[in-house]
Every structure is written in structure tokens, then in C-alpha cells.
Amino acid sequence: MRSPAIDIRDLHVRRGNNEVLHGINMQVQSGSVTGVLGPSGCGKTTLMRCVVGTQIVESGTVSVLGSPAGSVSLRRRIGYVTQSPSVYADLTVKKNVSYFAALYGQPSSAVTEAIDAVGLTRFAGQKAADLSGGQLGRVSLACALVARPEILVLDEPTVGLDPLLRVELWERFEDLAAGGTTLLVSSHVMDEAEHCTSLLLMRDGYLLAQVSPDELREQTGEASLEEAFLNLIRSSPIGSEN
Ligand SMILES: Nc1ncnc2c1ncn2[C@@H]1O[C@H](COP(=O)(O)OP(=O)(O)OP(=O)(O)O)[C@@H](O)[C@H]1O
Ligand SMILES: [Mg+2]
């Protein structure tokens, strides 16, 4: 079997005075869409920061494409879209995406493709400052897509999007995975879990399970993934003290 794209062993992280990740073990296979799911504050963003190497780790190991997370050699191989969009407000959508394309040596056809993939073709000439919150998030996403990294880490990329666009984006993620890209995508909308190859179900800094959507349904006997996750949370001894 191929070695995993992301391999995390016994990861403990403190933020402020509290330990917020309590010994996470997980593997992400390359060419998969792995969903990081769980309630607000459970540690999704913290886990993603560990993968991209921007989080101080208390103990444990985080290995990405065979190197320690944060290694210089990984910089061009991994793309990260944070929960709050970071784009240049005074540049147009196209200029923002072109900037990243130039940085990563991608042609202008990649710019058009990335803008199209996030449904912003109509707004390509508009300044980022004049876009809505959901549109700004999509500019950030296009900037990550255009670099064509081997691993894409996306923190709640579908928040604020209408249902049609959400479905289209998830289909795009599945296409990227079919082409070999590894995606780690967080969400707290359980119906999005259906689009994932593998689910990391988190609560209160613990990983409750790493399962496929079908396995989750089988294990819990619930047809709806939302009910299945709730069932798992209720029957889990860890993190249930609150
Ligand atoms: N800068 C910080 N300093 C101290 N504690 C923090 C900091 N950022 C987050 N935390 C704490 O770490 C825990 C995990 O937060 P994290 O942002 O990873 O959660 P999340 O699952 O991404 O939540 P959300 O769904 O709301 O984005 C929370 O208890 C939070 O209060
Ligand atoms: Mg978060």
C-alpha cells in the first residue's frame, strides 16, 4: 500500500492555557477527499494548521508527503485556504488569481479555469473590495486552486455559499481528487460528508472516528449522516463531560 499523504501520530496541541488536541492519530490517503467534521471549537482549524505547519505542536508527529509538516520543501506542494479570506482588496478577482499563478509558474489558462471553477467568471474584472463575503472566500479558493498543489487544505470553503454552488464545488473537489490531488476539507455541515472518501469525526479535541460515509451509516444503523454522527457522539465515552 502507498504511504499516506498525511500521517499524524499522537498529536497534542495547546492553545492559550488549554490542551485543544488530545492525542490525534490519523492518516490521509493521497487522491482522497477527507472531510474534517465536528462542532464549532472541536479543533478542526487547529488540526489543519498543524498539517500546513503554522501551529506550534506540543508533542507527536505530523508528516506530510514524507516530510515533517512546515518543511520548506513542502511550501509549493501544499495549498491552504484559511477560514477568513485573505485577498488583495484593491485588486480585481483576475489580478488576485493571476498573482498566485505567476508565483507558481502557471499559465493564464489556469487563471481562467480556477475563476470558472469557483463560479466567479462574471466577476473577474471586479475589485475584491466590492465582493460579498461568500464571493471573497471563493477568490481565496481560486488563488489556492490555480497553484495546482498536491495537497489542498481547505478550512470551511463552502460557508456562505448557496446550495447549488456548494454542490458544484464539492464535485470540483472530487474531480481534483480523481486527478491525484489530496484534499483535506473541513465543514460543520454533515450533508457535505457524502462527498468525502473518508471522514474525520471530531469532538472536543478528540478524533471520535475515521470512517467512510457508508461505514458510518453501517456502524450506527442510521441512514442520515447527520443522525449517524449524533449517534456516534452520544455513544462515545470521550469528550462527553460537557
Ligand atoms: N488563538 C487561540 N488562543 C487560545 N485558544 C484558542 C485559540 N484559537 C482557538 N482556540 C481554542 O482551541 C479550540 C479549537 O479551536 P479551533 O479554531 O481549532 O476549532 P474549530 O473546530 O475550527 O471551530 P470552528 O468550527 O468554530 O471554526 C477551541 O476551544 C478554541 O477556543
Ligand atoms: Mg475553524
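Residues numbered from 1 in each chain as written. Chains lettered and ligands numbered in written order. Predicted model: local features only at pLDDT ≥ 70, side-chain atom pairs only at ≥ 80, totals over all residues. Heavy atoms only, no water.

1. Re the domain arrangement of the chain
To keep it simple, the criterion reads: Where each domain begins and ends follows an automated or database-derived domain assignment. Should any heavy atoms of two residues lie within 4.5 Å, those residues are considered in contact. Accessible surface is computed with a 1.4 Å probe, and the buried area is the amount of it that two parts give up when combined, taken over both parts together. The term salt bridge refers to a side-chain nitrogen of Lys or Arg lying within 4 Å of a carboxyl oxygen of Asp or Glu. Pairs of N or O atoms are called polar contacts if they sit within 3.5 Å, as long as, within protein, a hydrogen donor faces a hydrogen acceptor (for residues adjacent in sequence, only side-chain-to-side-chain pairs). Polar here means any residue other than Ala, Val, Leu, Ile, Met, Phe, Trp, Tyr, Cys and Pro, which are nonpolar, and Asp, Glu, Lys and Arg, which are charged; Gly is therefore polar.
We note that the domain assignment places domain 1 (1–77 + 154–207) and domain 2 (83–148) within the chain. On the side of domain 2, 11 residues touch domain 1, which itself brings 13 residues to the contact. When the two sides are added together, the surface that domain 1 and domain 2 hide from each other amounts to roughly 1,000 Å², 62% of it contributed by carbon and sulfur. Across the domain 1-domain 2 interface, the total number found is 1 salt bridge. The partner of Arg-172 in a salt bridge is Glu-113, and the shortest N-O contact between them spans 3.9 Å. At the junction of domain 1 and domain 2, the tally comes to 2 residue pairs in polar contact (both at pLDDT 80 or more). Classifying every residue of the side of domain 1 that touches domain 2 by side-chain character gives 6 nonpolar, 2 polar and 5 charged.

2. Describing the packing of helix α4 (residues 133–146) against helix α5 (residues 163–178)
To keep it simple, the criterion reads: Note on method: axes are straight lines fitted to C-alpha atoms, helices fitted across the in-contact stretch only, with angles between N-to-C directions ranging 0 to 180 degrees. Secondary structure elements are taken from DSSP: a helix is a run of H or I of four residues or more, a strand is a run of E of two residues or more, and numbering for both begins at the N terminus. Our angle categories are set so that under 35 degrees counts as roughly parallel, over 145 as roughly antiparallel, 65 to 115 as roughly perpendicular, and the remainder as oblique.
One can describe the packing of α4 onto α5 by two numbers: an axis separation of 14 Å at closest approach and a directional angle of 10 degrees. Relative to α5, the element α4 is oriented roughly parallel. Facing Arg-138, Leu-141 and Leu-145 of α4, the residues of α5 in contact are Leu-165, Leu-169, Arg-172, Phe-173 and Leu-176. Looking at the contact of α4 with α5 residue by residue, the class counts come to 6 nonpolar, no polar and 2 charged.

3. Considering helix α6 (residues 213–220)
We count it as follows: Think of it in three bands: residues with accessible area under 20% of the maximum for their type are buried, residues over 50% are exposed, and the middle band is partly exposed, with areas taken using a 1.4 Å probe on protein chains only. Directions pointing from the helix axis toward each C-beta atom define the arc.
Buried residues of α6: Pro-213, Leu-216, Arg-217 and Thr-220, and no others. Buried residues along α6 cover an arc of 95 degrees about the axis, so they all sit on one side. For α6, the exposed residues lying more than 90 degrees away from the buried face are Glu-218 and Gln-219. Buried residues belonging to α6 abut β9 (198–203), β10 (206–211) and α7 (225–235). The first or second residue beyond α6 is Gly-221, which carries a positive phi of 70 degrees.

4. Points about unusual backbone geometry
Leaving glycine out, the prevailing phi sign among residues is negative, and the prevailing peptide bond configuration is trans. A positive phi angle, near 45 degrees, is found at Arg-148, a position not held by glycine. A relative accessible area of 44% places Arg-148 in the partly exposed class. Despite not being glycine, Glu-156 has its phi angle at roughly 50 degrees, a positive value. Locating Glu-156 in the fold gives a position in the loop between β7 (151–154) and α5.

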